[in-house]
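# Topology and contacts: notes
As a plain string of letters, each chain reads:
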Amino acid sequence: MDKIHAVITGVGGYVPDYKLTNEEISTYVDTSDEWIQQRIGIKERRILKPEEGIGVSYLAEKAIEDLQRKHPFDPLTVEAIVFATSTPDYILPNAASLVAHKAGMKNAFGFDLSAACSGFIFALDVANAYIVSGKYKKVLVIAGDVLSVVTDTLDRNTCPIFSDACGVVMVEASEKEEGIIDSVLHVDGDSVENLHMLGGGSVHPASHETVNQRMHFIWQNGKVVFKKAVTSMADTCEEIIRRNNITKDDIRWIVPHQANLRIIEAVASRLDVPLDKVMVNIEKYGNSSAGTIPLCLWDWEKHIRKGDNVILTAFGAGYTWGAVYLKWGYSS
Ligand code: UT7
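To start, this report covers the structure provided alongside it. Note that the structure is predicted; figures quoted are calculated from it, not measured.

This brings us to the nonpolar core. Counting residues in hydrophobic clusters, the biggest one holds 42 residues, and the most contacted among them are I254, I263, V267, V278, I311 and F315. Of all the secondary structure elements, the ones that give two or more residues to this core are α7 (222–243), α8 (261–271), β12 (309–316) and β13 (320–327). In terms of residues, this core owes the most to one element, α7, which gives 8 residues. Here this core spans two domains, since at least three of its residues come from each of domain 1 (5–177) and domain 2 (181–327). Discounting chain neighbours no more than four positions away, the residues touching I311 are C237, I240, I241, I251, W253, I254, V255, A323, V324 and Y325. V82, F120, V169 and V324 belong to the second largest nonpolar core, which has 39 residues in total.

Okay, structure coming up:
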C-alpha cells in the first residue's frame, strides 16, 4: 500500500464583527495610531462583544460554518477534533466537546491543546500523526482565541496587540504525494518570567488577591520576546529547508504567526525571502494567538495553488515554537 499522507482539504475562518481601532485604544492608554502602526503594524483588530456572542466555541462554530459553505462535509464523518486554544470557554469541559456538540460531530472525540501562539502548528502535527498512523482519516483542527478576555486594557505593552479570531482546517488521509511533509517543534519552559498569565491555574487559583494583582491578564517582556521570536522562527524554517533538501526558491509561501509586523519582516529578511511570499494580515486582525496562521490561510485561500510548498511558523508562550512544511492539496 502507498504511504498515507495528511493533507489540508479545506480552510474556514471567522472574525467577530467589532473593529477595535487604534484611535479607540488611545482613549484608554497612552499611545497613538502612529506608534501602533509603526511599531506593531496593526491598524485595527476584531473583538468579540457579548452582544454578538461569547466564548471561543462561538468563534469556532462560525468558522466551521464557513468551512462547510466552501468545502461541504458530513459532520458525522469527522473522527477527531484537536482544538488549539489558550482561552477555552471553561477550564472544563474542554472546548472541543462543546464544538463537537454544536456542529453535530457525534462520532468524533476531541480535546483542547495548549501551546499558546504555536497551538495551530502543534495541533496540525498531532492531526498528521493520527492520519499517517492509519488510525483516523478525517481530523478537524481548530485554532483560535478570545484574547480580549485576558488582555489588560491598562497595559500598553499588550492591549494594542491582542485580538479575537478563529480558523479551522480539515485534515484528511491521501495516498497522493501532498500534504504535511515535515515539522520541527520545540518548547522551553525556562521563560515563564517573560511571557505569562499567572492567575487561574493550580499555582495561583483565582482569588480576590489574584484579581487585585491583575494576574488574570497576559503579561510580557516585549523586547525579550521579540528577539526570541525572530531567531526561533527563522532558525526552525532554516532547519526545515535544510533537512528537506529544498531551497528558499522552492517555497511559495511562508505563513508566520502574526504578533508584530517587524517580527515578520525580520524573519523574512533572515530567511532572505521576499515579502510577496509571506502571508501578512496583522494590519486587519491583530494577534489572535493560535488563530493567526489558519486565519492567514483563510484570507489567502484563493491564491494558494495545488502543489504550492508552504512553511508555517510560530512562536509563543512556553516558550513554544516551530515550523511545519507542507505541499498544498487543492486550488480553489
Ligand atoms: O504573540 C505572543 C508573543 N508576543 C510577541 O511576539 C510580541 C513581542 N514584542 C513586541 O511586539 C514589542 O516588543 C512591543 C510591541 C510589545 C513593544 O514594542 P518595542 O518597539 O519593543 O517597544 P519598547 O518596549 O522598546 O519601547 C520603546 C518605547 C518606550 O519608551 P521610551 O522608554 O523609549 O521612552 C516605551 O515606553 O515605546 C514606548 N511604548 C509605547 N509608546 C506608545 C511601549 N509601548 C507603547 C505604546 N504606545 N503602546
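Having seen the model, we can carry on.
As a further point, take the site of the ligand. Taken together, 21 residues sit near the ligand, with T31, R156, K223, N260 and R262 positioned nearest. In this structure, G222 approaches the ligand through a main-chain N or O atom, which is 3.1 Å from a nitrogen atom. In this structure, N260 approaches the ligand through a side-chain N or O atom, which is 2.8 Å from an oxygen atom. In isolation the ligand offers 940 Å² of accessible surface; the protein chains occlude 74% of this area. Among the secondary structure elements, those contributing two or more residues to the shell around the ligand are α2 (33–39), α7 and α8. Among the elements that take part in the shell around the ligand, α7 stands out by supplying 4 residues, more than any other.

Calculation notes
Residues numbered from 1 in each chain as written. Predicted model: local features only at pLDDT ≥ 70, side-chain atom pairs only at ≥ 80, totals over all residues. Heavy atoms only, no water. Core = buried A, V, L, I, M, F, W, Y, C linked by side-chain atoms within 4.5 Å. Buried < 20%, exposed > 50% of the residue type's maximum accessible area, 1.4 Å probe, protein only. Helix = DSSP H or I, 4+ residues; strand = E, 2+ residues; numbered from the N terminus. Domains from an automatic or database assignment. Contact = heavy atoms within 4.5 Å. Near = heavy atom within 4 Å. Polar contact = N/O pair within 3.5 Å; in protein donor to acceptor, adjacent residues only side chain to side chain. Areas by Shrake-Rupley, 256 points an atom, 1.4 Å probe, with all protein chains shown as cover.

These results come straight from atomic positions and should not be treated as a statement about function.
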